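Chain by chain, the residues:
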Amino acid sequence: MRIEYRLPSLGADMESATVTEWLKKPGERFTHGEPIVTVETTKGLIDVEAYEDGQIDDLVVAPGTKVAVGAVLAHLIVADSAPPAAPEASATAGSSATAASSASPAVTAPPSPATGHPRLSPAARRRAEELGLSAASLEQAGSASILHVADVERLAAAAPSSATAPPPPEPIDPRAAMRGAIGAAMARAKREIPHYYLGLDVDYGAARDWLARTNARVPVQERLIDAVLITKAVALAAARIDGFNGAFRDGRFEPARAVHAGVAIALRGGGLVAPALLDADRKDLPALMRDFSALVMRVRAGRMRSGEFSAATITVTSLGADGADVLYPIINPPQVAIVGAGAIREQPAVRDGQIAIRPILTLALAADHRVTDGRAGSRFLRAIADLLQRPDGL
């Protein structure tokens, strides 16, 4: 069966992406989960994976082409069954999918029948921009049906120089673009999601002591960190307490079958992404630590996987040792909950009727009032706290 392979939404802040490289060519086979194409977003380079086994029939979008979420990237040949569902997309994807698919340019295309003028290939258009040339003027001057890089350079050399030639476009600051995308997504989340917030102080002493004993027995490269313990506790609580693990779409809550915990990772030079640790509730802590380390390395290197961005069902964000005491996060749609963990700090606390200095971690929950209320949120936070106070059970 021949199906359309579309650009999935890789987060609520994504509206478009630029195809940078095809990892499979027409006629080549692929398996479920294998990367097919690399795209560039405001988050960096992301390998978009296959949703099932099959082979490439033809490519629709050429490298260097920017397309909207939902645009057709290629046609695939897969088993004769119902078309596979792309990774769960944000609510912003659906409205633009139809228009995007019709607007996506093909690898090769004839000249416009309305004008008879040639068009520039994506690489030629980029070269024209580098030379400060107008794409429209080049199309008028060209004679071939499609202008390539060599045609652009030939026409540029033949064109008379002009002191009034337009300057080359200003380079786009990727960090500014990311901040703009994050800001737009979070503004939309605050407008559309009726947030409620709860906080809970947790005595982190048992977890800290257990972590110290565990790390003393293993090599340095296998040691665990606080963020992984917190993420595992959130994932287990999300699996046990209804209403916090899933997505809100089309006016209703869709519970997720697995807990894929998005973890907020700060990028060097600024910016933030929240890819998912898959099946976080089912993996032991050493395996989760390995996955977390590999995820951070890929993110910091600017090379990520689409499944890690489209799969998150709940998000955990932690400020670490140097952060503020409390973090009040904003829900990442279409998810319905996010847990913020502040810095672990020493402060007086009552324990067994006595005042003692204890390590305290403040957890903050932001949840969607369309799905749960404060009573359920309180149970959810308490479940996380109980798990952290009995770390052997993680």
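The structure under discussion appears in the preceding block.
What comes next concerns the included structure.

### Re the overall build of the protein
Reasoning step 1: Scanning the protein from terminus to terminus reveals 10 helices and 22 strands.
Reasoning step 2: Burial statistics for the protein: of 394 residues in total, 46% are counted as buried.
Reasoning step 3: Of the contacts made within the protein by residues no fewer than 6 positions apart, 66% connect residues no fewer than 24 positions apart.
Reasoning step 4: Total accessible area on the protein is roughly 19300 Å²; 54% of this is exposed by carbon and sulfur atoms.

### Concerning the side chain of T65
Reasoning step 1: Topologically, T65 is positioned in the loop between β6 (54-59) and β7 (66-68).
Reasoning step 2: On the basis of relative accessibility, which here comes to 7%, the residue T65 falls in the buried class.
Reasoning step 3: Polar contacts involving the side chain of T65 include one to the main-chain carbonyl oxygen of A62, which spans 2.8 Å.

### Digging into the side chain of N245
Reasoning step 1: Note on placement: N245 falls in the loop between α7 (226-240) and β12 (246-249).
Reasoning step 2: Once residues lying within four places of it in the same chain are set aside, the contact partners of N245 are A238, F253, P255, A256, A258, V259, T313, I314 and V336.

### Observations concerning helix α8 (residues 285-300)
Reasoning step 1: For α8, which comprises 16 residues, the first-to-last C-alpha distance of 22 Å matches the rise-based estimate of 22 Å (1.5 Å per residue) to within 8%.
Reasoning step 2: Residues of α8 that are buried: L285, A287, L288, M289, F292, L295, V296, R298 and V299.
Reasoning step 3: Between a side-chain oxygen at the N-terminus of α8 and the backbone nitrogen of A287 the separation is 2.9 Å; the capping residue is D284.
Reasoning step 4: Positioned one or two residues after α8, G302 has a phi angle of 80 degrees, which is positive.

### Quick look at the pairing of strand β19 (residues 314-318)
Reasoning step 1: β19 sits mainly inside the fold: four of its five residues count as buried.
Reasoning step 2: Pairing analysis gives three bridges linking strand β14 (residues 261-263) to β19, with the strands arranged parallel. Along β19, the bridge assignment pairs G262 with T315.
Reasoning step 3: Pairing geometry for β19 and strand β20 (residues 337-341), over four bridges, is parallel.

### With respect to the sheet that holds β6
Reasoning step 1: Pairing is antiparallel across the open sheet formed by four strands, whose spatial order is β1-β8-β6-β3. Of all the strands in the sheet, the pair left with one neighbour each is β1 (2-6) and β3 (29-30).
Reasoning step 2: Looking at chain direction, β1 and strand β8 (residues 72-78) are connected through five bridges and run antiparallel. The residue bridging R6 from the neighbouring strand is V72, located in β8.

Conventions adopted
- Residues numbered from 1 in each chain as written.
- Predicted model: local features only at pLDDT ≥ 70, side-chain atom pairs only at ≥ 80, totals over all residues.
- Heavy atoms only, no water.
- Helix = DSSP H or I, 4+ residues; strand = E, 2+ residues; numbered from the N terminus.
- Buried < 20%, exposed > 50% of the residue type's maximum accessible area, 1.4 Å probe, protein only.
- Contact = heavy atoms within 4.5 Å.
- Areas by Shrake-Rupley, 256 points an atom, 1.4 Å probe, with all protein chains shown as cover.
- Polar contact = N/O pair within 3.5 Å; in protein donor to acceptor, adjacent residues only side chain to side chain.
- Expected span 1.5 Å × (residues − 1).
- Pairing = 2+ DSSP bridges.

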